[in-house]
Amino acid sequence: MPINCCILRQRSGETYFPTLDKMKVQVFLEGIHAADGEHILLPLSSCALLLIAHYCNSEQFSFVFVNNDKECSQYMPIPLRGMQRIEHKFTDLESIPQPVCRVLMPAVFDSSVNLVRSGLCVVARHMIRIADAISPNQHLKDLLGFREGSLRMCAEVSGWTKLCEVELPHSVTMLVHQISAAKLASENGNPIQVQFSGDLVKLEAHFAKPPRVHNDDRWRRDELTKLQADTKDDEKYLTLIKSVKVEKSLFSFEKVTILPHGCRKFRVEKDIAKELQLLEHTMLISMEQINMDEAKEKESSIWLNKQQVCSLIQSLTYQDIQLIHLYSEGVEMTLADICLFVYFYFLMEALSFDQSGLSNFLPRVLSWLHHMTSLPRLQAAAFACGLNIQGLKSGLEAQTSLVEGQAMVEFFRSNVEQVMENDMELSRRCRTKHKAIKPEVVEALNKVKRKGIEPIIGQHLRGHCVQLDWKAFPSAVHPREGEVPLKRVERKCQQLENLATAIQEVARPDDIIVDFCSGGGHLGIVVAYLLPQCKVCLVENKEESLMKARSRIESLNLTNIILYQCNLDYFVGKFDVGTCLHACGTATDMVLSLCLRNNAAFVICPCCYGSIQRTHLLSYPRSKLYQDCGVTYTEFLTLGHAADQTEFNIALEQQGRLCMNLVDFDRAQLAIESDYKVNLCSLQPLTCSPKNNLLIGQQLMCDQFGD
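Conventions adopted
- Residues numbered from 1 in each chain as written.
- Predicted model: local features only at pLDDT ≥ 70, side-chain atom pairs only at ≥ 80, totals over all residues.
- Heavy atoms only, no water.
- UniProt positions renumbered as here; feature names shortened; annotations may be inferred.
- Helix = DSSP H or I, 4+ residues; strand = E, 2+ residues; numbered from the N terminus.
- Buried < 20%, exposed > 50% of the residue type's maximum accessible area, 1.4 Å probe, protein only.
- Contact = heavy atoms within 4.5 Å.
- Polar contact = N/O pair within 3.5 Å; in protein donor to acceptor, adjacent residues only side chain to side chain.
- Core = buried A, V, L, I, M, F, W, Y, C linked by side-chain atoms within 4.5 Å.
- Domains from an automatic or database assignment.
- Salt bridge = Lys/Arg side-chain N within 4 Å of Asp/Glu carboxyl O.
- Pairing = 2+ DSSP bridges.
- Axes fitted to C-alpha atoms, helices over the stretch in contact; angles between N-to-C directions.
- Parallel < 35°, antiparallel > 145°, perpendicular 65-115°, else oblique.
- Left-handed = near helix turned anticlockwise from the far one by under 90°.
- Nonpolar A, V, L, I, M, F, W, Y, C, P; charged D, E, K, R; others polar.
- Arc of directions from axis to C-beta.
- Phe/Tyr/Trp six-rings, centres within 6.5 Å; stacked < 30°, edge-to-face > 60°.
- pLDDT = per-residue confidence, 0-100.

The name given to the chain in an unreviewed UniProt entry is Methyltransferase domain-containing protein, with the source organism recorded as Pomacea canaliculata. Entered under Sequence similarities (unreviewed entry) in the UniProt record, the comment concerning the chain runs "Belongs to the GSTCD family."

Written out as structure tokens, the structure is:
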């Protein structure tokens, strides 16, 4: 009987797992039996996790495929033999734990610590860490990349996570569906026209850029040191010399370093015209000559002996080392490559492994895909998963179509460049914030003034009586137990008082209260302690923060809190009150949208106005009032930029406060247009934070504000 894996504690940045060899980790996935009885049908996210489980070669995972009554025509078929090595079962939504029903799958539920993990990236990272803890000699944690940052940030912040977790799965699924439908409708073998996705072209453009490497100069220096040492080792020199070429005056070669997962490559290309003059173009015929078998290139090739090659390598500088963008996140293979491999496998399978239609659009992506098929461990995992890895490899190596007489797919694209220009850049963090100059701020302020937009500022529901008796609380309730720096403790307490007392005013017994972007649980723990008759959910993307909250919850013996590690939009359960303290930029608007969708009351303290930007879920301005007044997206970003200039005792503080009020008034208007009564007020005292606006809202039919 599978039981769940829990995390006991964190120490020095590492996660510790108890006796994992005796445990099974249940992974809940969307999936159903196919009608033919020989396949299962899965969305791409489930397929990716299945391949990851096989890649980890771990028996630690138990898969629960859940029929959630979704349209399955866009699911991918996996042969049942792909499940032979993995414990699994099929069930329905009514039979899975209730906490899992509140999030999008895939999900993992650690019942012993009341923690649900949700989303492809979160669950995939968790599986890698579990497998690495069991078999550290396999170095699976290397797949999490530099500082374990691969796919760590949420899609709203990271353009890279957004592409891997949201855009590409959707785009590839749509393409596969279109290709399949077009093939069925095709007559007489005529070419099939399918519109190409801008998301795929975005990935192709990403591969064309130099790889991003932290402290790349140090990398180059280290690689150069190793390279120069290799020239003194006969065995390593013989391996290196096979790729050395000297054509005309260009000295070039590639060096490959084998890693536990994949490899790392760099290239050297250097003009050695001056060095050749010193060598007087000497041609030496010996066993150590380069390009011996390339007779056709004799006219353009120059022959150097070992001493001369070693001399050239010793003369290189770190600037001659060119790191090769071999994998999706740079120079080393990460978890993202495994996920992307699954997407492009199914796209190629839909094309009968004929890459000719893609070659004009995605030459670099296809080159990456071909390299991935050469990795023995990935080959074995794909085969165990039931994927036709040999068919994929043959298709990528074929010069012509593999399927005679079948209608060829022809892709066309429309406005791809515009899509790419307006979207996030592919990095682990968001693109540079919008910055506005003074005339733009003045113009935006003048426009809203001409349109008669004037924020209405109210008062806290408890007036000035927002204080809590912290001395009467157990010590673990106090934010100082959550590692808040001593100089910030008093201000943090004041911030928490304002939100907690407002929640007390709008919440009712048995309500479900969700603390979004909960961090270490400062607010949620206070609320759970003050309202023991309510259930409190802490929603946070960072596992480290939730583990800090977990230790405090255990010491307080609070049983009315459950933890969710997921993106905001992956929490789909019903709730009655939503709250967040200083959710950055767009996160504030996502919380507000979730509250409005659930007809829930909200207590929201915004932050980081300059980080606001359009996403796949949100556009700006939010309210119909601002839209009807002609406030543009750029003008709204300008207000957000100026709203961050609210630090006390600076020249722009008054202007910044006005802009902050204007941005939050747009949010308040959005709720008002959804039949809410909204109070836009300030935290008390104002000095507890420069970002001291507070939005309190409740549906009119549930109004407790009074007249």
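Additional details are given in the paragraphs that follow.
Student: I would appreciate a short explanation of the overall build of the chain in the present structure.
Tutor: When helices and strands are tallied, the chain shows 22 helices and 23 strands. A total of 707 residues make up the chain; the buried ones form 57% of that total. A sequence separation of at least 24 residues applies to 74% of the contacts in the chain between residues at least 6 apart.

Student: Just to check I follow, could you spell out the environment of Phe-266 for this structure?
Tutor: Take Phe-266: it is sitting in strand 14 (residues 263–271). Phe-266 gets classed as buried once you look at its relative accessible area, which sits at 1%. Here the alpha-carbon distance between Phe-266 and Glu-254, two residues 12 residues apart in the chain, equals 5.7 Å. In contact with Phe-266, other than residues within four places in its own chain, are Glu-223, Leu-227, Phe-253, Glu-254, Lys-255, Ile-321, Gln-322, Leu-323 and Ile-324.

Student: Looking at this model, I keep getting lost on the side chain of Lys-255. Mind explaining?
Tutor: Tracing the backbone through its elements, the reader meets Lys-255 in strand 13 (residues 250–258). Here Asp-230 takes part through its side chain, which lies 3.3 Å from a polar atom of the side chain of Lys-255. Not counting the four nearest positions on each side in its chain, Lys-255 is found in contact with Leu-227, Asp-230, Arg-264, Lys-265 and Phe-266.

Student: What exactly am I supposed to notice about the nonpolar core here?
Tutor: Burial of nonpolar side chains together is a common tendency in soluble globular proteins. Ile-52, Phe-63, Phe-341, Tyr-343, Phe-344, Trp-368 and Phe-411 are the most contacted members of the largest nonpolar core, which totals 91 residues. Per element, the largest residue contribution to this core is 14 residues, and it comes from helix 10 (residues 335–350). Inspection of this core shows a minimum of three residues originating in each of domain 1 (25–144) and domain 2 (162–210 + 329–401 + 408–423). Ala-587, Val-631, Tyr-633 and Met-660 belong to the second-largest nonpolar core, a separate cluster that totals 65 residues.

Student: How should I be thinking about the pattern of salt bridges in this particular structure?
Tutor: Scanning the model with the defined rule gives 28 salt bridges in all. By sharing partners, the salt bridges in this structure join Asp-110, Arg-117, Arg-129 and Glu-543 into a single network.

Student: When you look at the sheet that holds strand 14 in this model, what are you seeing that I'm missing?
Tutor: The strand order 12-13-14-15 describes an open sheet built from four strands, whose pairing is antiparallel. The two strands at the open ends of the sheet, each matched to only one other strand, are strand 12 (245–247) and strand 15 (321–323). With strand direction ignored, the average angle separating the axes of adjacent strands in the sheet is 25°. Looking at chain direction, strand 12 and strand 13 are connected through three bridges and run antiparallel. From the neighbouring strand, Lys-245 faces strand 13, where its bridge partner is Ser-252.

Student: It is not clear to me how the packing of helix 15 (residues 438–450) against helix 22 (residues 653–672) should be interpreted in this structure. Could you clarify?
Tutor: Packed helices, taken two at a time, are described by their axes: the angle between them and the distance between them. Running from N to C, helix 15 and helix 22 point in directions that differ by 50°, and their axes come no closer than 12 Å. As the angle between them shows, helix 15 and helix 22 are arranged oblique. Relative to helix 22, the crossing made by helix 15 is left-handed. Here Val-441, Leu-445 and Val-448 of helix 15 lie close against helix 22, whose contacting residues are Gln-655, Leu-658, Cys-659 and Leu-662. Classifying every residue of the contact of helix 15 with helix 22 gives six nonpolar, one polar and no charged.

Student: I keep staring at helix 12 (residues 376–384) and nothing clicks. Help me out?
Tutor: In an α-helix, one full turn covers 3.6 residues, which means residues spaced three or four apart are oriented alike. For helix 12, the set of buried residues is Leu-378, Ala-381, Ala-382 and Ala-384. For helix 12, the buried positions fall inside an angular range of 165° around the axis, keeping them on one side. For helix 12, the exposed residues set more than 90 degrees away from the buried face come down to Pro-376 and Phe-383. Tucked inside the fold, the buried residues of helix 12 contact helix 1 (44–56), helix 10, helix 11 (363–373) and helix 13 (389–397). Directly beyond the C-terminal end of helix 12, a positive phi value near 90° is found at Gly-386.

Student: Got a minute to help me understand the sheet that holds strand 22 (residues 676–682) in this structure?
Tutor: Consider a sheet: its strands pair through backbone hydrogen bonds, and that pairing is either parallel or antiparallel. Read across the open sheet, the 12 strands follow the order 8-6-3-9-10-19-18-17-20-21-23-22; overall the sheet is mixed. The strands lining the two open edges of the sheet, one partner per strand, are strand 8 (87–92) and strand 22. When strand polarity is set aside, the average angle formed by the axes of neighbouring strands in this sheet is 20°. Sheet analysis places strand 21 (residues 601–607) next to strand 23 (residues 693–699), joined by three bridges and oriented antiparallel.

Student: Looking at this structure, how should I read the pairing of strand 10 (residues 115–118)?
Tutor: When a strand is regular, its side chains alternate between the sheet's two faces. Covered by surrounding structure in strand 10 are Leu-115 and Arg-117 together with Val-116 and Ser-118, the residues of both alternating faces. Counted between consecutive antiparallel strands, the loop separating strand 9 (residues 107–110) from strand 10 contains four residues, among which Asn-114 sits at a positive phi close to 55°. In this structure, strand 10 lies alongside strand 19 (residues 561–565), joined through three bridges in parallel fashion. Across the sheet, residue Leu-115 finds its bridge partner in strand 19, namely Leu-563.

Student: Please explain unusual backbone geometry as it appears in this structure.
Tutor: Between Tyr-620 and Pro-621 the backbone carries a cis peptide bond, its omega angle lying at -5°. On the secondary structure map, Pro-621 appears in the loop between strand 21 and helix 20 (624–628). Put simply, Gln-684 and Pro-685 share a cis peptide bond, and its omega is -10°. Secondary-structure assignment places Pro-685 in the loop between strand 22 and strand 23.

Student: Where do I start with the pairing of strand 5 (residues 39–42) in this structure?
Tutor: For strand 4 (residues 32–33) and strand 5, the ladder comprises two bridges, and the chain directions are antiparallel. If you follow His-33 over to strand 5, its bridge partner there is Ile-40. With antiparallel pairing between neighbouring strands as the criterion, strand 4 and strand 5 make up a hairpin whose turn holds five residues, including Gly-37 at a positive phi of roughly 75°. Summarising the sheet, strand 5 and strand 7 (residues 76–79) pair through four bridges and their orientation is antiparallel.

Student: Is there a simple way to explain the packing of aromatic side chains in this structure?
Tutor: When we look at a pair of aromatic rings, we describe it by the centre distance and by the angle of the planes. Scanning all chains against the criterion turns up 17 aromatic pairs. On the basis of an interplanar angle of 55° and a centroid distance of 5.8 Å, the ring pair of Tyr-345 and Phe-353 is categorised as tilted. Comparing Tyr-345 with Phe-353 shows no difference in burial state: the two are buried. Joined through ring pairs, the aromatic side chains of Phe-516, Tyr-564, Phe-571 and Phe-575 make up one cluster.

Student: Looking at this structure, how should I read the packing of helix 5 (residues 198–208) against helix 11?
Tutor: One can describe the packing of helix 5 onto helix 11 by two numbers: an axis separation of 8 Å at closest approach and a directional angle of 75°. The angle between the axes of helix 5 and helix 11 places the two elements in the roughly perpendicular class. Along its contact with helix 5, which presents Leu-203, Glu-204, Phe-207 and Ala-208, the element helix 11 presents Pro-363, Arg-364, Val-365 and Trp-368. Of the residues assigned to the contact of helix 5 with helix 11, the class counts are six nonpolar, no polar and two charged.

Student: Would you explain the environment of Ser-252 in this entry?
Tutor: Inspection of the secondary structure puts Ser-252 in strand 13. Separated by 15 residues in sequence, Ser-252 and Arg-267 have C-alpha atoms that sit 7.3 Å apart.

Student: How should I be thinking about the confidence of the model for the chain in this particular structure?
Tutor: Close inspection of predicted coordinates is inappropriate for parts of the model with low pLDDT. On average, residues of the chain carry a pLDDT of 86, and 87% of them reach 70 or more. When the elements of the chain are averaged for pLDDT, strand 1 (residues 9–11) gives the smallest value, 38, and strand 17 (residues 512–516) the largest, 98. Across residues 1–21, confidence stays below pLDDT 50; counting only partners more than four residues off in sequence or on other chains, it has 55 contacts. Contacts of residues 281–300 to residues separated by more than four positions or lying in other chains number 31 contacts, the stretch itself having pLDDT below 50.

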